[in-house]
Amino acid sequence: MNTSMNYNFAFLDEYAKKEVRRSILKAIAIPGYQVPYASREMPMGRGFGTGGLQLTLSLIGVGDTLKVIDQGADDSVNAVNMRHFVEKVCPGIDTTTHTADADLIQSRHRIPELALTEKQIIALQVPYPDALVVVESSEEKRKIMHGEADYSRLLVKLYEDIVKFDEITVSHRYPTRINGHYVIDPSPIPRWDVPKMHMSAALILLGAGREKKIYAVPPYTVAEPLAFEDVVFRVEDFTDRATGERRTCARCGSDCSFLDEFIDSHSGEKIYQCSDTDYCDSQLALRGEDAHG
Ligand SMILES: [Zn+2]
């Protein structure tokens, strides 16, 4: 029995998909602006990526290839469940773990290390869409502040960080100004991924299911993390303080990827590995070829 026959293609009804696509077009037309939409009930709890999933389901078509990652990994439970769900409700699509082979990438908390192309779209799952929420609780007031591009209170918040810690300590959800106007919450990607949004060849879509917002960084759009002239934005530093050298991935040896920290269960020592598993596999394959060649 083909259970997928019980559903409309891509689970959502055609009207719902059309509404999401219309919201996406508006989000592209006004870079960084949070477009409200009627977020649908999905067969999983809100807060588990339903915003990203609705973007994916509204855009995917027969013949498209999808990659789903969670924290850079294709094989984490959330990513696997999401991928199986899309496979079930979208007969005729393909899935992949290879970044280069994907037309559409749905992601939680990472942008792949491999530079994306004009032919690709990345849909990020967003828990909190509004960067101003940390300084203003009223949505009405936040809307006015966004409209006037008034981010002075956000800058004060960052300044307080500098006074207290000598640097900006925001590690994830780094407020980023898009196309010189709206400041977005880029979802909980590490600072490492923020520069990848600047002039990205791929369309970047962000979907918050629970908060019912869609926003976008269109291709080749300026994306600037908020900073100060004398305290510039910096990505994570993977220097080993003891040796002064850049830490490398314990698996593939890469010295230029975003690393996750683990505790080795045998030795109790800290080890580092690429967060992007497909990137790590590709580097490992290259090293293998070098060894054989
Ligand atoms: Zn690696």
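Residues numbered from 1 in each chain as written. Predicted model: local features only at pLDDT ≥ 70, side-chain atom pairs only at ≥ 80, totals over all residues. Heavy atoms only, no water.

## Considerations on unusual backbone geometry
Here is step 1: With a phi close to 50 degrees, Ala149 is a non-glycine residue in the positive phi region.
Here is step 2: Along the polypeptide, Ala149 turns up in the loop between helix H4 (139–147) and helix H5 (152–165).
Here is step 3: Of the residues examined, Ala149 reaches a relative accessible area of 26% and is grouped as partly exposed.
Here is step 4: Not every positive phi belongs to a glycine, and Asn179 is a case in point at roughly 55 degrees.
Here is step 5: As for its position among the elements, Asn179 is in the loop between strand S6 (176–178) and strand S7 (183–184). (Helix = DSSP H or I, 4+ residues; strand = E, 2+ residues; numbered from the N terminus. Buried < 20%, exposed > 50% of the residue type's maximum accessible area, 1.4 Å probe, protein only.)

## Section: the layout of surface pockets
Here is step 1: Quantified by volume, the largest pocket comes out at close to 220 Å³.
Here is step 2: Along the wall of the largest pocket there are 15 residues; nearest its centre are Gly47, Phe48, Gly49, Gln125 and Pro127.
Here is step 3: Elements with a contribution of two residues or more to the lining of the largest pocket: helix H2 (50–59) and strand S8 (203–208).
Here is step 4: Residues that form the lining of the largest pocket fall into these classes: four nonpolar, nine polar and two charged. (1 Å grid on protein atoms, 1.4 Å probe; cavity = no way out; pocket = protein on both sides within 12 Å on 5 of 7 lines; lining within 4 Å. Points joined across faces, edges and corners; volume = space filled by probe spheres on them. Nonpolar A, V, L, I, M, F, W, Y, C, P; charged D, E, K, R; others polar.)

## Quick notes on the packing of aromatic side chains
Describing an aromatic ring pair means giving the distance of the ring centres and the angle of the ring planes.
Here is step 1: According to the stated counting rule, one finds seven aromatic pairs in the structure shown.
Here is step 2: Ring plane angle 75 degrees and centroid distance 4.9 Å describe the contact between Tyr174 and Phe233, whose orientation is recorded as edge-to-face. One end of the pair, Tyr174, is in the loop between H5 and S6; the other, Phe233, is in the loop between strand S10 (223–225) and strand S11 (259–263), and 59 residues separate them in sequence.
Here is step 3: Judged by centre distance (5.4 Å) and plane angle (80 degrees), the rings of Phe238 and Phe258 are edge-to-face. Residue Phe238 is found in the loop between S10 and S11, and its partner Phe258 is found in the loop between S10 and S11; the two are separated by 20 residues along the sequence.
Here is step 4: On the basis of relative accessible area, Phe238 is assigned to the buried category, the value being 10%.
Here is step 5: Ring pairing ties together the aromatic residues Trp192, Phe238 and Phe258, which thus form one cluster. (Phe/Tyr/Trp six-rings, centres within 6.5 Å; stacked < 30°, edge-to-face > 60°.)

## Concerning the environment of Ala29
Here is step 1: Positionally, Ala29 belongs in helix H1 (residues 14–29).
Here is step 2: On the accessibility criterion, Ala29 (62% relative accessible area) is exposed.
Here is step 3: Sequence spacing of Ala29 and Ile189 is 160 residues, and the spatial spacing of their C-alpha atoms is 24 Å.

Take it as geometry only, folks, not as evidence of what the structure does.
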